[in-house]
Every structure is written in structure tokens, then in C-alpha cells.
Amino acid sequence: MKNIVEAHNLTMTYRVGKIDVHALNGVSFEIREGEFVSIVGQSGSGKSTLLHILGGLLQPTAGIVKIDGEDLASVTDAQRTDIRRRKIGIVFQRFNLFPTLSADGNLRLAERIRGSAAGNADRRAKILKLLNLEPRIHHKPIELSGGEQQRVAVARALINQPALLLADEPTGNLDTENSKIVLDMLRKLNAELGQTVVMITHNPEAASIGQRIINMRDGRILDDQETRKG
Ligand SMILES: Nc1ncnc2c1ncn2[C@@H]1O[C@H](COP(=O)(O)OP(=O)(O)OP(=O)(O)O)[C@@H](O)[C@H]1O
Ligand SMILES: [Mg+2]
């Protein structure tokens, strides 16, 4: 199986005024195609910083990061954006949907941003069906429940068939029942379609749907273990 993520000695230092904040202090790991990896760790341990680097949203201070063979660390901002649009889908705690567009409209907007002017109605329909959103495709975000909005956000992240799906606390704004539904969708995407997933969570039960759990502390990997399913 090929590596979808190769991270070597990643360092991230934020400069705040005259103070350096060391958010990542030499993080190395690989993720193989088809893995579901959960990232856990206390607040401030560097989880989101790591995810933003993997997602091409942030350039590391030092180190190497490759997504599906493409180097993200030593390219221009424009090249990084291009790699992100082709290879990566990202879901955040806040759903960040475009408020005046329907569910389907949000997906079509994502297609256009990714350079597909005509879009692919078949693919959109397939994703909406997979996420059980068919009856809601004409609804705007305000007409959707939190769980449905997050499923639209997951659908949008999948629109470019990303090699890597990243999620930062995807259930952080959801109640128990909707959390279960969204987590089950992510699990299915991984188990049935082989989607590679990296998910940050504070919830141990959510983390356990991964085959592997990376535990961070103080910008380092404290441990990196396969769960029983692995
Ligand atoms: N843009 C920024 N500028 C300066 N410091 C930052 C910035 N973003 C994060 N940090 C700092 O970097 C460290 C790691 O932050 P990060 O957001 O990666 O943690 P986290 O593990 O995601 O935490 P949480 O569980 O609370 O979301 C923290 O000390 C944080 O204060
Ligand atoms: Mg965070």
C-alpha cells in the first residue's frame, strides 16, 4: 500500500510579538492508503497545527510533508493551494457552508472552485446519497440540522475525490445522536470506499473508530498505536 502522508521532522514555531510559540517540535509519521487515523491529545498540544500543515493551509517552519507523493513544504503558496484542491478534503468543527446556497449548490460551488466548471451531477448525486442527504439537497444551511450541515460539509470535502480527508473535531458542535451519525458516515467512507481519513477528536469513543490513534503532547507524538481493529 502506498503512503498518502509522509511527515518528517515537522516543526512549527509561531511568532507572537517577540515570543516564539513552539507548536510542533519534530513530528514524524507515515499514513498508508486506506488508513483511518485518529489524533488525540490535550488542548494546545499541536493537533490543529499539524492538521493545517497536512492540509496545505499552513507552511511548517521546518521539515518535510508529502501528500500522495507531492511535497507541500517546499513549494510556493499557489502550488500548495493547487495540491490542496486536487488531493485534500477538509472538514472543520464549524461547518462553514455558504449560507445562501442549497446543499447541492454548496457542492457545485466547491466543484467550480476546484476548476470543474460543468461539475459532475452523477458524482454529486452519489455522494449525497451515500451521506443520506438526498431528501435535503434543495435545503439551505439554515433549513438543515447541525448533523445534516456537517454531512453536507463532508460531502463538499469529498467532491474532488481527495486522496486524504482531514477532519478537525468534526463532531465538536454536534449532540450525541448527530455525532454518532457523522462518525458512522466517516467510518463507512473508510471501510467501504477505502477513503484515507485523519480525524482530530477529544472524544475517546470517537477516536476508537480509527485503526490507529496518534496521541500528541507538547508538539510531539507521545504514542502512535494500532487499535484492536488495526
Ligand atoms: N496562529 C497562531 N499564532 C500563535 N500561536 C498559535 C497559533 N495557533 C496555535 N498557536 C499555539 O500553538 C499551540 C498549538 O495549538 P493548536 O491549535 O495546534 O493546538 P490543539 O492541539 O489543536 O488544541 P485544541 O485541542 O485546544 O484545539 C498552542 O500553544 C497555541 O496557543
Ligand atoms: Mg485544535
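Owing to the predicted nature of the structure, the values given are computational and were not obtained by experimental measurement.

Participant: When you look at helix α1 (residues 47–54) in this model, what are you seeing that I'm missing?
Facilitator: Note: α-helices contain 3.6 residues per turn, so residues at a spacing of three or four share the same orientation. Judged by how many residues are buried, α1 sits mostly within the fold: six of eight residues are covered. Buried within α1 are the following residues: Lys-47, Thr-49, Leu-50, Leu-51, Ile-53 and Leu-54. Positioned one or two residues after α1, Gly-56 has a phi angle of 70 degrees, which is positive.

Participant: Looking at this structure, how should I read the pairing of strand β7 (residues 164–168)?
Facilitator: Burial within β7 is extensive, with five of its five residues counted as buried. Burial along β7 is two-sided: Leu-164, Leu-166 and Asp-168 facing one way and Leu-165 and Ala-167 facing the other are all buried. With four bridges connecting them, strand β6 (residues 88–91) and β7 associate as parallel partners. Opposite Gly-89, over in β7, you have Leu-165 as the bridge partner. With four bridges connecting them, β7 and strand β8 (residues 197–200) associate as parallel partners. Bridging from a neighbouring strand, Leu-165 pairs with Val-197 of β8. Remark: the β7/helix α6 (residues 176–193)/β8 crossover connection has right-handed handedness.

Participant: Would you explain the sheet that holds strand β10 (residues 220–226) in this entry?
Facilitator: Each strand in a sheet pairs with its neighbour through backbone hydrogen bonds, running either in the same direction (parallel) or in the opposite one (antiparallel). Pairing is mixed in the open sheet, where six strands are placed in the order β6-β7-β8-β3-β9-β10. Each end of this open sheet is capped by a strand with a single partner; those strands are β6 and β10. Taken over all neighbouring pairs, the strand axes of this sheet differ in orientation by 15 degrees on average, direction set aside. Against the sheet, α1 makes contact with β3 (36–41), β6, β7, β8 and β9 (212–217), and its axis sits at roughly 155 degrees relative to β7, the strand it touches most. This element, helix α5 (residues 146–157), spans β6 and β7 of the sheet and lies at about 165 degrees to β6.

Calculation rules
Residues numbered from 1 in each chain as written. Chains lettered and ligands numbered in written order. Predicted model: local features only at pLDDT ≥ 70, side-chain atom pairs only at ≥ 80, totals over all residues. Heavy atoms only, no water. Buried < 20%, exposed > 50% of the residue type's maximum accessible area, 1.4 Å probe, protein only. Helix = DSSP H or I, 4+ residues; strand = E, 2+ residues; numbered from the N terminus. Pairing = 2+ DSSP bridges. Right-handed = clockwise from strand over helix to strand, strands pointing away. Axes fitted to C-alpha atoms, helices over the stretch in contact; angles between N-to-C directions. Contact = heavy atoms within 4.5 Å.

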